[in-house]
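Summary of the model geometry
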Amino acid sequence: FVLTVGLAEVWSDRETSGVFWRGVPKATFDEARHECRLTSVQENEDNLAEIVQLLHRHCGPKPVIVTLSPVPLKATFRSVSCMTADCVSRSILRVAIDGLMRRGLPNVHYWPSFEIVKWIGCHLPVPMYGDDGNTRHVSRRTVELILDRFITHYFRDQDA
């Protein structure tokens with residue numbers, strides 16, 4: 001299983017504390033009831049651990065690989081710039097993933113696609129984003145590089 005996390009900003013229901021998987025449907029939105037909020041490191045770490053435990057309980061001890069999306073936020077409902085909100089969101093999630101990894105759960109791995117794009121990318125002579133004209137999306141070449149390294153790392157010939 002590959003779990004890719006990307007947003008620490010969520011829409012939630014004040015009455016039930018439930019979180020929407022995306023935004024609140026327009027037909028049911030109630031400003032008094034629904035809020036956009038920033039989740040915490042601990043909340044995300046605990047949720048990831050619960051997801052891993054559920055997967056292992058119901059599917060057996062299959063490998064779970066966690067990744068952090070490098071695709072930046074397009075908008076925020078917080079009163080900060082989108083760039084600042086994106087940095088905070090990624091930071092919260094990356095620290096949560098680090099906490100998950102420090103738990104030492106069996107068959108749980110981290111794949112550094114975020115770091116490949118954000119940190120290695122600044123050392124390469126080609127852009128990591130925007131080869132399709134959309135500067136928010138990771139370039140096809142970068143995706144191919146990440147997938148090639150992923151496949152080599154996790155699925156290399158066991159006899160080699």
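Keep in mind that this is a model prediction, so the values were computed, not measured. Chains are numbered independently. Their residues run from 1 in the order of the written sequence. Local features in this predicted model are restricted to residues whose pLDDT is 70 or higher, and side-chain atom pairs enter the listing and the counts only when it is 80 or higher, whereas totals over whole chains, interfaces and linings include all residues. Processing note: side-chain calculations cover all non-hydrogen atoms of the structure and skip hydrogens and water entirely.

**Notes on the packing of aromatic side chains**
Paired rings are identified among Phe, Tyr and Trp, the last through its six-membered ring, by centres lying within 6.5 Å, and are further divided according to the angle between planes into stacked (under 30 degrees), edge-to-face (over 60) and tilted (the rest). Overall, the coordinates contain 6 aromatic pairs when judged by the stated rule. Centre to centre, the rings of Phe150 and Tyr154 are 5.0 Å apart; their planes meet at 50°, and the pair counts as tilted. Taken as a pair, Phe150 and Tyr154 lie in helix H4 (residues 140-155) at a separation of 4 residues, close to a single helical turn. With a 1.4 Å probe rolled over the protein chains alone, any residue whose accessible area is under 20% of its type maximum counts as buried; one over 50% counts as exposed, and the rest are partly exposed. With a relative accessible area of 12%, Phe150 lands in the buried category. Among the residues examined, Tyr154 registers a relative accessible area of 22% and is labelled partly exposed. With centroids separated by 6.2 Å and ring planes inclined at 55°, the aromatic side chains of Phe150 and Phe155 adopt a geometry described as tilted. What makes Phe155 exposed here is its relative accessible area of 57%. Members of the aromatic cluster, each reached through a chain of ring pairs, are Trp111, Phe150, Tyr154 and Phe155. Numbering of helices and strands runs from the N terminus, with a helix taken as a DSSP run of H or I at least four residues long and a strand as a DSSP run of E at least two residues long.

**Considering helix H3 (residues 113-120)**
Those residues of H3 that fall on the buried side of the exposure criterion are Ser113, Phe114, Glu115, Ile116 and Val117. Turning to H3, the residues buried within the fold contact strand E4 (64-68), helix H2 (82-102), strand E5 (108-110) and H4. Whether two residues touch is decided by their heavy atoms; if any such pair falls within 4.5 Å, the residues are in contact.

**A word on the nonpolar core**
Membership of the largest hydrophobic core comes to 17 residues, with the highest contact counts inside it found for Val5, Val64, Val66, Leu68, Ile97 and Leu100. Listing elements by their share of this core, those giving two or more residues are strand E1 (2-5), helix H1 (41-59), E4, H2 and E5. In this description, a nonpolar core means a group of buried Ala, Val, Leu, Ile, Met, Phe, Trp, Tyr and Cys residues linked to one another through side-chain atoms lying within 4.5 Å.

**Some thoughts on a nonpolar patch on the surface**
On the surface, Val143, Leu147, Ile151 and Phe155 cluster together into a nonpolar patch covering about 380 Å² of accessible area. Here Val143 shows up in helix H4. Judged by its relative accessible area of 35%, Val143 falls in the partly exposed class. Residues form patches when they are more than 30% accessible in relative terms and have no salt bridge. Like charges link within 9 Å. Nonpolar side chains (Val, Leu, Ile, Met, Phe, Trp, Tyr) link within 5 Å. Only the protein chains shown count as covering a residue, and every accessible area follows the Shrake-Rupley method with a 1.4 Å probe. What counts as a salt bridge is simple: a side-chain nitrogen of Lys or Arg found within 4 Å of a carboxyl oxygen of Asp or Glu.

**Some details on the pairing of E1**
Going residue by residue along E1, you find Leu3 and Val5 tucked away on one face and Val2 and Thr4 left uncovered on the opposite face. Strands are treated as partners if at least two bridges between them are detected by DSSP. Bridge count between E1 and E4: 4 bridges; the pairing is parallel. Residue pairing for E4: Leu3 is matched across the bridge by Val66.

**What to know about the sheet that holds E1**
Taken in spatial order, the 3 strands line up as E1-E4-E5 in an open sheet, and their pairing is parallel. Two strands lie at the open edges of the sheet, namely E1 and E5, each paired on one side alone. Adjacent strand axes in the sheet meet at a mean angle of 25° when their direction is disregarded. The sheet contact formed by E4 and E5 spans 3 bridges and is parallel. Residue Val66 lies in a different strand from E5, and its bridge partner there is Tyr110. In the packing of H2 onto the sheet, the strands contacted are E1, E4 and E5, and the crossing angle to E4 comes to about 155°. Angles shown run from 0 to 180 degrees and are taken between the N-to-C directions of axes, each axis being a line fitted to C-alpha atoms and, for helices, limited to the stretch in contact.

**A few points about H4**
Three or four residues apart is the spacing at which side chains of an α-helix point the same way, because the helix has 3.6 residues per turn. Take the number of residues in a helix, subtract one, and multiply by 1.5 Å to get its expected span. For H4, with 16 residues, the first-to-last C-alpha span of 21 Å sits near the 22 Å given by 1.5 Å per residue. Restricting attention to buried positions, one finds in H4 the residues Thr142, Ile146 and Phe150. Projected down its long axis, H4 carries its buried residues within an arc of 65°, all on one side. Away from its buried face by more than 90 degrees, H4 exposes Arg140 and Phe155. Where the residues of H4 are buried, they touch E1, E4 and H3. The arc in question is formed by the directions pointing from the helix axis toward the C-beta atoms.

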